[in-house]
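A look at the structure
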Amino acid sequence: MNQCPLCGKEDFTVIYKQPDQYPDADIVRCNQCGHRYSVLRKEVNTNALYADEIYKVVENRDSVFDRIIEKEYTQVIRQLSIFKPAKGNLLDFGCGKGKFGSLAKEKGWQVKCVETSPERAEYAAKVYGLDVSTEFYSGGSIFDISFDVLTLFHVLEHLPHPKTLLAGLIKDNLKADGLLIIEVPNIKSWQSGIAGGNWIHLDVPRHIHHFTPERLEQFAREIGFKPVKKTFFSFHLGVLGMVDSLLKLSGYKKNIIYELKNKKSKTLILKIALVFPVAWLMEHLACAMGKGGVIRLYLGRK
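What this report covers is the structure whose coordinates are included nearby.

What counts as what
Residues numbered from 1 in each chain as written. Predicted model: local features only at pLDDT ≥ 70, side-chain atom pairs only at ≥ 80, totals over all residues. Heavy atoms only, no water. 1 Å grid on protein atoms, 1.4 Å probe; cavity = no way out; pocket = protein on both sides within 12 Å on 5 of 7 lines; lining within 4 Å. Points joined across faces, edges and corners; volume = space filled by probe spheres on them. Nonpolar A, V, L, I, M, F, W, Y, C, P; charged D, E, K, R; others polar. Axes fitted to C-alpha atoms, helices over the stretch in contact; angles between N-to-C directions. Helix = DSSP H or I, 4+ residues; strand = E, 2+ residues; numbered from the N terminus. Parallel < 35°, antiparallel > 145°, perpendicular 65-115°, else oblique. Left-handed = near helix turned anticlockwise from the far one by under 90°. Contact = heavy atoms within 4.5 Å. Pairing = 2+ DSSP bridges.

For the rest of this paragraph, the subject is the layout of surface pockets. Approximately 350 Å³ is the volume attributed to the second largest pocket. The wall of the second largest pocket is formed by 16 residues, among which Q21, K248, K253, K254 and N255 lie closest to the centre. Each residue belonging to the lining of the second largest pocket can be placed in one class, and the counts come to five nonpolar, four polar and seven charged.

Right under this line is the structure:
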């Protein structure tokens, strides 16, 4: 993909050439609309993209990592109750293992999910009892109902044609006064600047898009939405992302989130303990300045 996936122009400047994560790609900035995206120099086996160890389903309920995610999602649901106190129907598009959907369901939302990974969809259905569609979305109403809230947590960066997909998804599934929530990594974050081409959330070739807050808001306006709230803090992706970026300064080459979930070692825990206080402080300061590791937009129609 040489053309910008948002504006369609083929006029770009290379930001990171052949990042270590995937040397058959460049990260570029569109000279027309400012969007950052991945240009792949080699054909990718899309069926194998999410079949590696990083994306495999791991049973980690009641772990520290799971409790952190639960706390974070609970805050999102609390915010939802402010915007939509009556609650109602919620569609979690790209639900993963279903953690967010399960918590929303516990709080009284009528939850439906979409997840195209069979293993993750099966986990969400069996463990959390969620109603999950595994079909790739190609248009129309998914569950023959209209939703009060549509959430996409770390989905947009994976979509080849996000504007087309979202336009149909919103038109046929979200109520006129519905709330749209989008969360993606922030390539303008401090942690991204520290790690450069080794930033954990570049995740090439799985991540096609690398959004800045400005370009994400512009994208939202292009599909007819405006922000009603914007936040930048995430513990499991923000603070740990900052820890990872600081460790990268000393030559760390692995994926810290994967290692914590699958291959914890005393050496890794010690390294994390040493940099964690600095990472915690830096990420909070970064968020205060709009430079946190993620961008979360709560959006309503213009």
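Now for the packing of helix α7 (residues 235-248) against helix α9 (residues 266-288). Interhelical geometry of α7 versus α9 gives an angle of 120 degrees and a closest axis separation of 8 Å. One finds that α7 runs oblique with respect to α9. In this structure, α7 crosses over α9, and the sense of that crossing is right-handed. On the side of α7, the interface is formed by F235, G238, V239, M242, V243, L246 and L247, while α9 contributes K271, I272, V275, F276, V278, A279, W280, M282 and E283. Partitioned by chemical class, the residues of the contact of α7 with α9 number 13 nonpolar, one polar and two charged.

The strand order across the open sheet built from seven strands is β6-β5-β4-β7-β8-β11-β10, with neighbouring strands paired in mixed fashion. The outermost strands of the open sheet, each flanked by one partner alone, are β6 (131-133) and β10 (225-231). For this sheet, the mean angle separating the axes of adjacent strands, direction not counted, is 20 degrees. Note that strand β7 (residues 147-153) and strand β8 (residues 174-185) share six bridges and pair parallel. Of the residues in β8, the one forming a bridge with L150 is L180. Of the strands in this sheet, β4 (89-93), β7, β8, β10 and β11 (294-301) are in contact with helix α1 (residues 64-83), which crosses β11 at around 20 degrees. Along the sheet, helix α6 (residues 213-222) contacts β8, β10 and β11; its crossing angle with β11, the most-contacted strand, is approximately 20 degrees.

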